[in-house]
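Here are the chains, one letter per residue:
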Amino acid sequence: VIVDNVTRCVAIGEKWFGSAKEKSDFIYLYVGEGIGAGIIANGQLYHGSRYSAAEIGHTTIEFAGKECRCGNRGCLEVYTSSHALREELQARLGTTIKTKQEVWALLQEDKPEVWEAVKKVLSYLGAGLANVVNTFNPETVIIGGWPLKVGRRGLDYLEGIVHTRAMEGLADGVSLYYSGLDEDGPLIGAYTLVLESFFNPTFPHLSKVIAQREKSK
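Here the residue numbering is sequential within each chain, running from 1 through the sequence in written order. Per-residue local features are limited, in this predicted model, to residues with pLDDT of at least 70; the limit for side-chain atom pairs, both in listing and counting, is 80 or more; totals at the level of whole chains, interfaces and linings are taken over all residues. Heavy atoms from the whole structure form the basis of all side-chain values; hydrogens and water molecules are not counted.

*Asks:* I would appreciate a short explanation of the packing of aromatic side chains in the present structure.
*Replies:* For any pair of aromatic rings, geometry is given as the distance between the ring centres together with the angle between the planes. Note on ring pairs: Phe, Tyr and Trp rings are taken, using the six-membered ring of Trp, and paired if centres are within 6.5 Å. Classes follow the plane angle, with under 30 degrees stacked, over 60 edge-to-face and the rest tilted. Across all of its chains, the model carries 3 aromatic pairs by this definition. Measuring from ring centre to ring centre gives 5.9 Å for Trp 16 and Phe 17, while their planes differ by 50°; the resulting arrangement is tilted. Accessibility expressed as a relative area gives 26% for Trp 16, which makes it partly exposed. Each residue is placed in one exposure class: buried if its accessible area under a 1.4 Å probe, protein chains only, is under 20% of its type's maximum, exposed if it is over 50%, and partly exposed if it falls in between.

*Asks:* Whenever I open this one, the layout of surface pockets confuses me. Can you help?
*Replies:* A probe as big as a water molecule, rolled over the atoms, marks out the empty space that is left. A cavity here means a set of points on a 1 Å grid, drawn over the protein atoms and nothing else, where a 1.4 Å probe fits but cannot get out; a pocket is an open set with protein on both sides within 12 Å along at least five of seven lines, and a residue lines either one if it has an atom within 4 Å of a point. Grid points are joined across faces, edges and corners, and a volume is the space filled by probe spheres set on the points. Each pocket or cavity is described by its volume, and for the largest pocket that value is around 400 Å³. Lining the largest pocket are 22 residues, with Tyr 30, Gly 144, Gly 145, Trp 146 and Glu 183 positioned closest to its centre. Put simply, the parts of the chain that give the lining of the largest pocket at least two residues each are helix 1 (6–17), strand 1 (26–31), helix 4 (100–107), strand 4 (140–145) and helix 7 (185–199). Three categories are distinguished: nonpolar for Ala, Val, Leu, Ile, Met, Phe, Trp, Tyr, Cys and Pro, charged for Asp, Glu, Lys and Arg, and polar for the others, with Gly belonging to the last. The residue inventory of the lining of the largest pocket, partitioned by class, reads 10 nonpolar, 7 polar and 5 charged. Breaking the lining of the second largest pocket down by element, the ones donating at least two residues are helix 2 (76–80) and helix 3 (82–93). For the lining of the second largest pocket, the per-class residue count stands at 2 nonpolar, 2 polar and 5 charged. Only DSSP runs of H or I with at least four residues qualify as helices, and only runs of E with at least two residues qualify as strands; both kinds are numbered from the N terminus onward.

*Asks:* Quick question: what am I supposed to make of the packing of helix 1 against helix 7 here?
*Replies:* The relative placement of two packed helices comes down to the angle between their axes together with the axis-to-axis distance. To define axes, lines are fitted to C-alpha atoms, for helices over the stretch in contact only, and angles between the resulting N-to-C directions are given on a 0 to 180 degree scale. Packing of helix 1 against helix 7 leaves a shortest axis separation of 7 Å and a crossing angle of 70°. Overall, the two elements helix 1 and helix 7 adopt an arrangement that is roughly perpendicular. Across the interface between the two elements, Val 6, Cys 9, Val 10, Ile 12, Gly 13, Lys 15, Trp 16 and Phe 17 from helix 1 touch Gly 185, Pro 186, Ile 188, Gly 189, Ala 190, Tyr 191, Thr 192, Leu 193, Leu 195, Glu 196 and Phe 199 from helix 7. Considered class by class, the residues forming the contact of helix 1 with helix 7 number 13 nonpolar, 4 polar and 2 charged. Here roughly perpendicular refers to angles of 65 to 115 degrees, roughly parallel to angles under 35, roughly antiparallel to angles over 145, and oblique to all remaining angles. Residues count as neighbours in contact if any of their non-hydrogen atoms are within 4.5 Å of one another.

*Asks:* Teacher, can you tell me more about the pattern of salt bridges here?
*Replies:* Pairing is possible between side chains of opposite charge, provided their charged atoms come close. Salt bridges are counted wherever a side-chain nitrogen of Lys or Arg sits within 4 Å of a carboxyl oxygen of Asp or Glu. Throughout the structure, instances matching the rule amount to 7 salt bridges. Here Arg 69 ties to Glu 77 by a salt bridge, and the two come within 2.7 Å at their closest N and O atoms. Across the pair Glu 88 and Arg 92 runs a salt bridge, and its minimum N-O distance is 2.8 Å. Taken together, the residues span about one helical turn, with Glu 88 and Arg 92 both in helix 3 at a distance of 4 residues. Via salt bridges that share partners, Glu 88, Arg 92 and Lys 120 belong to a single interconnected network.

*Asks:* Teacher, can you tell me more about unusual backbone geometry here?
*Replies:* The general pattern is negative phi for most residues beyond glycine and trans for most peptide bonds. The backbone of Asn 42 sits at a positive phi, close to 55°, despite the residue not being glycine. Considering the arrangement of structural elements, one finds Asn 42 in the loop between strand 2 (35–41) and strand 3 (44–45). Residue classification places Asn 42 among the exposed residues on the basis of a relative accessible area of 64%. Of note, Asn 137 is a non-glycine position whose phi angle comes to about 50°, a positive value. Take Asn 137: it is sitting in the loop between helix 5 (112–136) and strand 4.

Now the structure itself:
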């Protein structure tokens, strides 16, 4: 049995079939109702000491900010999730938005209020990614989730924030791309996990990492 976190599986899928082919140091970040991430370092999936690495959505972006579902305050997720985007759109448009489909439809409209809402949320996301770039020094960051609905304009804006806020030298060497797997990412990631485990016996998928550490106790 081979088991691992969904977002980490997508990161492996990006490495094989997506926007990070031939990349050995990159971070995949999914921005949806929550935020998930997978870190590939030196070609290997990074789990951390308690198998829970890359909880980037629960890093603090506002010290005394809004309460997060994790119990902390000011988490990146609170300011950048699809829920946060919907709240920002509602505030600027003065209307109630009930579904994700309504949000996606608004993102296709060329309204100044919509773009201002998107920019505010992407600014928080860019600041969070700048922290990630400063910490992990990846060569590439792959973005999945709702930002893809904004198109190239959103990616360019996000890249500008990252390059402005990350340290000089680190920022210059990193590129941002949208996910190349789109909504099929989890499925592709799942079977890529199997392929990676078959062709790379040393690849540390979560079930193997847990088994090895339990054995060493």
